[in-house]
Amino acid sequence: MKRSSWREYEKEIAHDHYYYARSCIRQNFFPGSETTFLRIMRDVLGKDIYDDPRHTSCTGIGYHTDIVPLDTTMAVVARQFALMTEAGYENMAVSCITSFGLYTEILETWHEFPETEARARENLRQATGREFRIPKNIAHTSDLIFHNREEIERQAVRRLVDAATGEPLKVVEHIGCHYAKIFPKSGIGGSEFPYVLAGMVEQWGGTVVDYPERRHCCGFGFRNYLVQANRGFSIANSRKKLESMAPYKPDMMVANCPGCAMFLDKWQYALAEMENTTYGADGRGIPVLTYEEMAGLVLGYDPWEMGMQMHQVDVEPLLDKLGVKYDSAAKFLGRGGKYIGAPKPVAVNSFSGDRLYRIKQ
Amino acid sequence: MGKYFDLLMKDVRLREGLKACMNCGVCTGVCPSAEFYDYDPRQIVNIVQSRNDEQIERLLRSDTLWHCGECMSCRPRCPRGNTPGYIIQALRTLSQQLGFFAESEKGRQQLLLKRVIGQHILDKGYCITPRLVAPEGHPEQGPVWEWAVTNDVNLYTRFSPNYRQAGEGALRDIDRESIAEINRIFEVTGGKEFFETIEKGCADYEAKQLA
């Protein structure tokens, strides 16, 4: 491959003024990450980003389980564009990988088949009376953190290194399939060598683990997880990745897709229960972070304020390695600082019971 | 010959997804579903490409059609620019429109997806919310999720003060007018009609079984 071919995968990212589109899955499993993203954008980077109460799901999970027709999804996405237009913005910052893939796909479809755009405009007009302009720029929120990784480094209080030895942390990065597999030119580095997360890890002092199943799907597979009878598909694919990465003894994983970050975390619990296998070098689980959590730790944010207590695999071993000071007692505090009880400890946690597990060497 | 192919060609995803397959099998090589199920996307593309009504109809009535996870890993790898995932999306839509989906066990799972995810979009404006992922139906989510859902108001308000209330932020209640707009979009674009098609297909199948 000629070096110049990489130009195709250079992506233009708007510098400021974004309309923020939230994610259904992220809000459920990583609500603190979305809050952290806005905090970084506004407080650290001084950017203008609008959080609109009126926008809804893009219907992505419904679309990819084939219950929502394409015309319906196009009109719902057109409504998001209309809300952006009405609010005076031209750039979309999209929190979800499924939404990001869908927005990109819809814009490409409108370009390729103009009659579909005309129909979406007419449907939106008929249903809501709204009109829209096509966004000038659509970026996934991980693109925006990547775009500002040098400024984040300038304001960082620590690097992704072992505080005791100074060695770089070994980080597995996982890119959501719909980030660049649908349209490789829409992702930094394309679909085969995406650099969006690796760029953050390297900028902030860590080292990226290259392992055989690096580009394999996490196993969400929409209907293959959502229907209980199909979940074997989902856990089998996560297992394939975990088996492949474990020999490299990663200190952590980082993902840019809400589903991937959740599955790679939760399936470690299920696999420990089902097969007595854990994948972390310490005999427990491998912590799985969102890129905002990784950025937040570098910037010195409190892990519990970022919602890291919602991970099934405990993050404390990673925090200790990074030299992060945290208040263990504050982990399970709810609104107003009230203790709300703690989850039952299990094998992938740091301080769990006495079962013996087969640890991957 | 070609009746179903002509119907499929009305879907832009089929027109975009099927160029000219040379049966190399790269799509099957990278496919997460092909590793888990007895499943071969190359064959699906080849059947559609053949335009053979009998074979396409068999596919539309089969479990095979419902194995794909729509990860789209096949798309960037195809040396001929085909997208098996798009072809499958078009086939699944047609299978539901014709009522064939209800003849396969995997196809009938569409009813659950419609009633849970589809209805939640219409009612709440979100595909999912925490209480929908109920721990009793999701043991694989583990004890931390059970703890999070049990304490949802106390926990989520730590990150999103407007949790289940009006205003901005994660998991806010979406205002009535926005929900009404989403419902009108579903009406105008055929989304609600499609939901009814899923209900009817499964009801007809059940009636046939009882007859």
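Residue indices follow the written sequence of each chain, beginning from 1 at its first position. Written order decides the labels, with chains lettered from A and ligands numbered from 1. Where local features are concerned, this predicted model is filtered to residues with pLDDT of at least 70; where side-chain atom pairs are given and counted, the filter is 80 or more; whole-chain, interface and lining totals use all residues.

**So, the overall build of chain B**
Move 1: Helix and strand content of chain B: 13 helices and 0 strands.
Move 2: Secondary structure is summarised from DSSP: a helix means a run of H or I of at least four residues, a strand means a run of E of at least two, and numbering begins at the N terminus for each. In sequence order, chain B lays out its α and β elements as α-α-α-α-α-α-α-α-α-α-α-α-α.
Move 3: The C-alpha extent of chain B, read off along each of the three principal axes, is 60 × 40 × 35 Å.
Move 4: Field definition: a residue is buried when 20 or more other C-beta atoms are found within 10 Å of its C-beta, exposed when 12 or fewer are, and partly exposed for counts in between, with C-beta atoms placed from the backbone. For chain B, the proportion of its 211 residues judged to be buried stands at 46%.
Move 5: In this description, a residue-residue contact is defined by the distance between C-beta atoms placed from the backbone, which must lie within 7 Å. At a minimum sequence separation of 6, the contacts of chain B that also span at least 24 residues come to 62%.

**So, the overall build of chain A**
Move 1: When helices and strands are counted, chain A shows 15 helices and 10 strands.
Move 2: All radius of gyration figures rest on C-alpha atoms, and the globule criterion is 2.2 Å times the number of residues raised to 0.38. Over its C-alpha trace chain A gives a radius of gyration of 21 Å, about what one expects of a compact globule, namely 21 Å for 361 residues.
Move 3: Along the three orthogonal principal directions, the C-alpha set of chain A runs to about 65 × 55 × 50 Å.
Move 4: A total of 361 residues make up chain A; the buried ones form 56% of that total.
Move 5: Once local pairs closer than 6 in sequence are excluded, the contacts in chain A between residues at least 24 apart make up 77%.

**Observations concerning the sheet that holds strand S4 (residues 137–140) of chain A**
Residue and element names in this part refer to chain A.
Move 1: Strand order in the open sheet made by the 4 strands is S2-S1-S3-S4, with parallel pairing throughout. This sheet does not close on itself; its edge strands, each paired only once, are strand S2 (49–51) and S4. Looking at each pair of strands side by side, their axes are set apart by 30° on average, direction ignored.
Move 2: Here, a strand pair is defined by DSSP locating no fewer than two bridges between the strands. In the sheet, strand S1 (residues 18–21) pairs with S2 via 3 bridges, with the strands oriented parallel. In the strand pairing of S2, Tyr 20 is matched with Asp 51. A fitted line through C-alpha atoms serves as each axis, taken over the contacting stretch for helices, and the angle formed by two N-to-C directions is quoted from 0 to 180°.

**Comments concerning the domain arrangement of chain B**
Residues and elements named next belong to chain B.
Move 1: What fixes the domain bounds is an automatic or database domain assignment. For chain B, the domain assignment lists domain 1 (3–98) and domain 2 (105–210).
Move 2: Just the C-alpha atoms count here: the centres of domain 1 and domain 2 sit 28 Å apart.
Move 3: In this assembly, 5 residues from domain 1 lie in contact with 8 residues from domain 2.
Move 4: Considering only residue class, the side of domain 1 that touches domain 2 consists of 1 nonpolar, 3 polar and 1 charged. Throughout this entry, Asp, Glu, Lys and Arg are counted as charged residues, while Ala, Val, Leu, Ile, Met, Phe, Trp, Tyr, Cys and Pro are counted as nonpolar. The remaining residues, Gly among them, count as polar.

**A look at the domain arrangement of chain A**
All names here are of chain A.
Move 1: By domain assignment, chain A separates into domain 1 (11–142) and domain 2 (158–359).
Move 2: Look at where the C-alpha atoms of domain 1 and domain 2 centre, and you get two points 26 Å apart.
Move 3: Contacts between the two partners involve 26 residues from domain 1 and, on the opposite side, 31 residues from domain 2.
Move 4: Put simply, the parts of the chain that give the side of domain 1 that touches domain 2 at least two residues each are helix H1 (24–29), helix H2 (31–44), helix H3 (60–64) and helix H5 (97–112).
Move 5: Taken together, the residues that form the side of domain 1 that touches domain 2 break down as 11 nonpolar, 11 polar and 4 charged.

**Observations regarding helix H9 (residues 105–124) of chain B**
Within an α-helix, residues lying three or four positions from one another point in the same direction, as the helix has 3.6 residues per turn.
Move 1: Relative to the 28 Å expected for 20 residues at 1.5 Å per residue, H9 of chain B spans 29 Å between its end C-alpha atoms, a close match to the ideal helical length.
Move 2: Along H9 of chain B, the sharpest kink reaches roughly 35°, centred on Leu 113 of chain B.
Move 3: Listed as buried for H9 of chain B are Gly 107, Gln 109, Gln 110, Leu 111, Leu 113, Lys 114, Ile 117, Gly 118, Ile 121 and Lys 124 of chain B.
Move 4: At its buried positions, H9 of chain B is contacted by H3 and helix H11 (223–226) of chain A together with helix H8 (84–97), helix H12 (176–189) and helix H13 (191–210) of chain B.
Move 5: Immediately beyond the C-terminal end of H9 of chain B, within one or two residues, lies Gly 125 of chain B, with a positive phi of roughly 85°. In a helix, the anticipated span is given by 1.5 Å times the number of residues less one. Bend at a given residue is defined as the angle between two axes, one fitted to the seven residues that end at that position and one fitted to the seven that begin there.

**Focus on unusual backbone geometry**
Glycine aside, the phi torsion of most residues is negative, and most peptide linkages are trans.
Move 1: With a phi close to 65°, Asp 66 of chain A is a non-glycine residue in the positive phi region.
Move 2: Tracing the sequence through the fold places Asp 66 of chain A in the loop between H3 and helix H4 (70–86).
Move 3: The exposure class assigned to Asp 66 of chain A is buried, which follows from the 28 C-beta atoms found within 10 Å.
Move 4: One non-glycine residue, Arg 164 of chain B, lies in positive phi territory at about 60°.
Move 5: Position of Arg 164 of chain B among the secondary structure elements: in the loop between helix H11 (152–156) and H12.

**A short note on the packing of H2 of chain A against helix H14 (residues 291–299) of chain A**
Residues and elements named next belong to chain A.
Move 1: Relative to each other, H2 and H14 sit at 50°, their axes nearing to 9 Å. Of the possible angle classes, the one that applies to H2 and H14 is oblique. Seen from above, H2 lies across H14 with left-handed handedness. Residues Ser 33, Thr 36, Phe 37, Ile 40 and Val 44 of H2 touch H14, and the partners they reach there are Glu 292, Glu 293, Ala 295, Gly 296 and Leu 299.
Move 2: Among the residues forming the contact of H2 with H14, the class breakdown is 5 nonpolar, 3 polar and 2 charged. Convention used here: angles under 35 degrees read as roughly parallel, angles over 145 as roughly antiparallel, angles from 65 to 115 as roughly perpendicular, and any remaining angle as oblique. A crossing counts as left-handed when the near helix is turned anticlockwise from the far one by less than a right angle, and as right-handed when that turn is clockwise.

**Considering the sheet that holds strand S7 (residues 252–255) of chain A**
Residues and elements named next belong to chain A.
Move 1: The parallel open sheet is built from 4 strands, whose spatial order is S6-S5-S7-S9. At either end of the open sheet lies a strand with only one pairing partner, and these are strand S6 (207–208) and strand S9 (288–290).
Move 2: Judged from the 2 bridges that link them, strand S5 (residues 170–174) and S6 form a sheet pairing that is parallel. Residue pairing in the sheet places Val 171 in a bridge with Val 208 of S6.
Move 3: H14 contacts S7 and S9 of the sheet and is inclined by roughly 85° relative to S9.

**Some details on the pairing of S7 of chain A**
Residues and elements named next belong to chain A.
Move 1: Going residue by residue along S7, you find Met 252 and Val 254 tucked away on one face and Met 253 and Ala 255 tucked away on the opposite face as well.
Move 2: Direction of pairing for S5 relative to S7: parallel, over a ladder of 4 bridges. Bridging across to S7, Val 172 finds its partner in Met 253.
Move 3: Pairing analysis gives 3 bridges linking S7 to S9, with the strands arranged parallel. When the bridges of S9 are listed, Ala 255 appears paired with Thr 290.

**Description of helix H6 (residues 53–60) of chain B**
All names here are of chain B.
Move 1: For H6, the complete set of buried residues consists of Ile 56, Leu 59 and Leu 60. End-on view of H6: buried residues confined to an arc of 100°, all on one side of the axis.
Move 2: Along its buried surface, H6 packs onto helix H1 (3–8), helix H5 (41–50) and H8. Here, the arc refers to the directions that run from the helix axis to the C-beta atoms.

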